[in-house]
Amino acid sequence: MREYVLTLSLYTLFFSFALVHGCGESKISEKIEPDASISENFMDNINKENSHSSEASCTSLCVQVFAGAPDQVGDLDGLLNAARFNYLTDLLETKDAIYLVDRNNHKIKVIKDGKSRTLAGTGQEGYKDGAGNEAMFSFPFGAALDSKGNLFVTELGAGRIRRISPNGVVSTLAGGRSFGFQDGFGDEALFSYSMADISIDHQDNLYVSDSYNVSIRKITPDGDVTTIGYGKSIFLKNKEKQLRGQPVEFPLQQPTSLKFDTEGRLYIADWEGHSIWRIEKSGEVARFAGTGERGDKDGPRQEAELFRVNSLAFHRNGELFFAESGNRKIKKIDTAGQVKTVVSSVTGVLRGALPIPIGNILDMEFAEDGSLYFIEANFHVVRKLWLNCDCPLRL
């Protein structure tokens, strides 16, 4: 089946190892040369007083393997450099913890106090609600936290939305009766076998990118599912019976990542459409970035050419960062509306030596200190990227 998360390229990894002092566990770190655009002072307002050197003299970025080990597949909890994962697909960073969706292990994991542990899931594929260590999942994928501490997870293998309460109890919110395309309440609602991401608004409504239904679905906290926008889908045959309300139709092709900005506008990464869309609070939809044609061209956001946008993350200065699986790059849209490459496999070097291949980045999120966490699904690791000189790496 054509699922973007399974469209992977093979890379050969070249890594040398260095101990990082002052960062807890020993970790792999790499120095990479940034693209020219990173030399601008867009981080001037972030932690200047704590920087090890001034932004103007900063000539390199810093990447650290935060958890897991490149190309090491497994299912191990414990210290971060010893932890093992099997195809990570989502990451959530909070003040106290980092939540991870470990898809092929059918588990939800949490990193806290320097260690990784299993929050929910037995490791066996299946369907079972209940206490976290007894609950079962079928290829979980996207995740989001609401204001009450509930963690919501999509399942590719079951077309369900699961809820994990703050005390670790797993229940089913919506879907699961079968695959399909149908609005409704609870298990009356039907989803496709590819739900890529979840985002939550200020009223704790969930928004799900239902990729193979080419639609954005809204789920209220009590499980009422409606469709707010859709593109062309072979599954949508009788929209009068399948959809409730008045969803917007627009040229969406395969939605993946979803993110709200501080003003409540929803941004959609269109993987197959090589674009980023934005839905206003009024419901109006417009292409925010990209032309719809695949390519690799920076510049004004509506003239830029993108190639398979996978994940979105907002920096607190208002810039929108995104990853492209097609170009193997991390880019940003600055507050002036310019698309700029931040780092790529081509420009990266490993301690001045060999190119660093960038893996399939399925999610990323900014930390409180302004650094960027991102997961590379096919390399089974969580990395941390510093965009200025406030980096633990000592050369």
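Since we're looking at a predicted model, the values are computed, not measured. (Residues numbered from 1 in each chain as written. Predicted model: local features only at pLDDT ≥ 70, side-chain atom pairs only at ≥ 80, totals over all residues. Heavy atoms only, no water.)

S.K.: So what's going on with the overall build of the protein chain? Residues and values would help.
M.R.: When its secondary structure is counted, the protein chain shows one helix and 30 strands. When burial is assessed residue by residue, the protein chain has 60% of its 395 residues classed as buried. For the protein chain, contacts bridging at least 24 residues in sequence account for 49% of all contacts bridging at least 6. (Helix = DSSP H or I, 4+ residues; strand = E, 2+ residues; numbered from the N terminus. Buried < 20%, exposed > 50% of the residue type's maximum accessible area, 1.4 Å probe, protein only. Contact = heavy atoms within 4.5 Å.)

S.K.: Go over the sheet that holds strand E26 (residues 329–333) with me, naming the residues and quoting the values.
M.R.: As summarised here, the arrangement of the five strands in space is E23-E27-E26-E25-E24, forming an open sheet in which the pairing is antiparallel. Since the sheet does not close on itself, it has two edges, and those belong to strand E23 (299–300) and strand E24 (309–314), each with one partner. Where E26 and strand E27 (residues 338–344) come together, five bridges link them in antiparallel fashion. Bridge pairing in E27 places Lys329 opposite Ser344. (Pairing = 2+ DSSP bridges.)

S.K.: Go over the packing of aromatic side chains with me, naming the residues and quoting the values.
M.R.: A complete count under the given rule lists eight aromatic pairs for this structure. A ring pair is formed by Tyr267 and Phe314, whose centres lie 5.1 Å apart and whose planes are at 70°; its orientation type is edge-to-face. Taken together, the residues span a long stretch of sequence, with Tyr267 in strand E20 (residues 266–270) and Phe314 in strand E24 at a distance of 47 residues. Residue class for Tyr267 comes out buried when judged on its relative accessible area of 3%. Taken together, a centroid distance of 5.0 Å and an interplanar angle of 80° make the contact between Phe321 and Phe366 edge-to-face. With a gap of 45 residues between them, Phe321 in strand E25 (residues 320–324) and Phe366 in strand E28 (residues 361–366) connect regions that are remote in the sequence. As far as the burial class goes, Phe321 and Phe366 line up, both buried. Counting every residue linked through ring pairs, the aromatic cluster contains Phe179, Tyr193 and Tyr212. A cation sits over an aromatic face here: Arg162 above Phe137, 4.9 Å from the ring centre. (Phe/Tyr/Trp six-rings, centres within 6.5 Å; stacked < 30°, edge-to-face > 60°. Lys NZ or Arg CZ within 6 Å of the ring centre and 35° of its normal.)

S.K.: So, the confidence of the model for the protein chain: which residues are in play, and what are the values?
M.R.: Considering every residue of the protein chain, the mean pLDDT works out to 83; 79% of them sit at 70 or more. The low-confidence segment residues 1–59, where pLDDT is below 50, has 166 contacts with residues more than four positions distant or belonging to other chains. Long-range and interchain partners of residues 348–354, a stretch whose pLDDT sits below 50, account for 22 contacts in this model, where long-range means more than four residues apart. (pLDDT = per-residue confidence, 0-100.)

S.K.: Any chance you could break down the pairing of strand E16 (residues 215–219) for me, citing the residues and the numbers?
M.R.: Of all the five residues making up E16, four are buried; the element is thus mostly covered by neighbouring parts of the structure. One ladder, built from five bridges, connects strand E15 (residues 206–210) with E16; its direction is antiparallel. Looking at the pairing, Ser209 lines up with Ile216 of E16. Counted between consecutive antiparallel strands, the loop separating E15 from E16 contains four residues, among which Val214 sits at a positive phi close to 50°. One ladder, built from five bridges, connects E16 with strand E17 (residues 224–230); its direction is antiparallel. Note that in E17 the partner of Ser215 across the bridge is Tyr230.

S.K.: Which residues make up the pattern of salt bridges, and what values do they have?
M.R.: In the structure shown here, the tally under the stated rule is 22 salt bridges. With a shortest N-O distance of 2.6 Å, Lys109 and Asp75 are connected by a salt bridge. Placement of Lys109 in strand E6 (residues 107–112) and of Asp75 in the loop between strand E2 (61–67) and strand E3 (78–79) is noted, with a sequence separation of 34 residues between them. Note on Lys109: relative accessible area 0%, which makes it buried. In this structure, the salt-bridge partner of Glu155 is Arg162, at a minimum N-O distance of 3.1 Å. When its relative accessible area of 0% is taken as the criterion, Arg162 is described as buried. Look at the salt bridges and you will find they share partners, linking Asp75, Asp77, Asp102, Lys107 and Lys109 into a network. (Salt bridge = Lys/Arg side-chain N within 4 Å of Asp/Glu carboxyl O.)

S.K.: Residues and numbers for unusual backbone geometry, please.
M.R.: With phi around 65°, Asp71 is a residue other than glycine that occupies positive phi space. Among the secondary structure elements, Asp71 is positioned in the loop between E2 and E3. A positive phi angle, close to 55°, is found at His106, a residue other than glycine. Assignment of secondary structure puts His106 in the loop between strand E5 (98–102) and E6.

S.K.: I'd like to hear about the sheet that holds E6, residue by residue, with values.
M.R.: Sheets are built from strands paired through backbone hydrogen bonds, the pairs being either parallel or antiparallel. With antiparallel pairing, the five strands of this open sheet are ordered in space as E3-E7-E6-E5-E4. Edge positions in the open sheet fall to E3 and strand E4 (88–93), since each of these has one partner strand only. Where E4 lies against E5, five bridges are found, and the strand directions are antiparallel. Its bridge partner lying in E5, Leu88 is registered against Asp102.

S.K.: Tell me what's going on with empty space enclosed by the protein, and back it up with residues and numbers.
M.R.: Going through the model one piece at a time under the given rule, you end up with two cavities of 30 Å³ or more. As a volume, the second largest cavity reaches approximately 50 Å³. Mapped by element, the contributors of at least two residues to the lining of the second largest cavity are E4, strand E14 (195–200), strand E19 (255–260) and E28. For the lining of the second largest cavity, a count of residues per class yields four nonpolar, four polar and three charged. (1 Å grid on protein atoms, 1.4 Å probe; cavity = no way out; pocket = protein on both sides within 12 Å on 5 of 7 lines; lining within 4 Å. Points joined across faces, edges and corners; volume = space filled by probe spheres on them. Nonpolar A, V, L, I, M, F, W, Y, C, P; charged D, E, K, R; others polar.)

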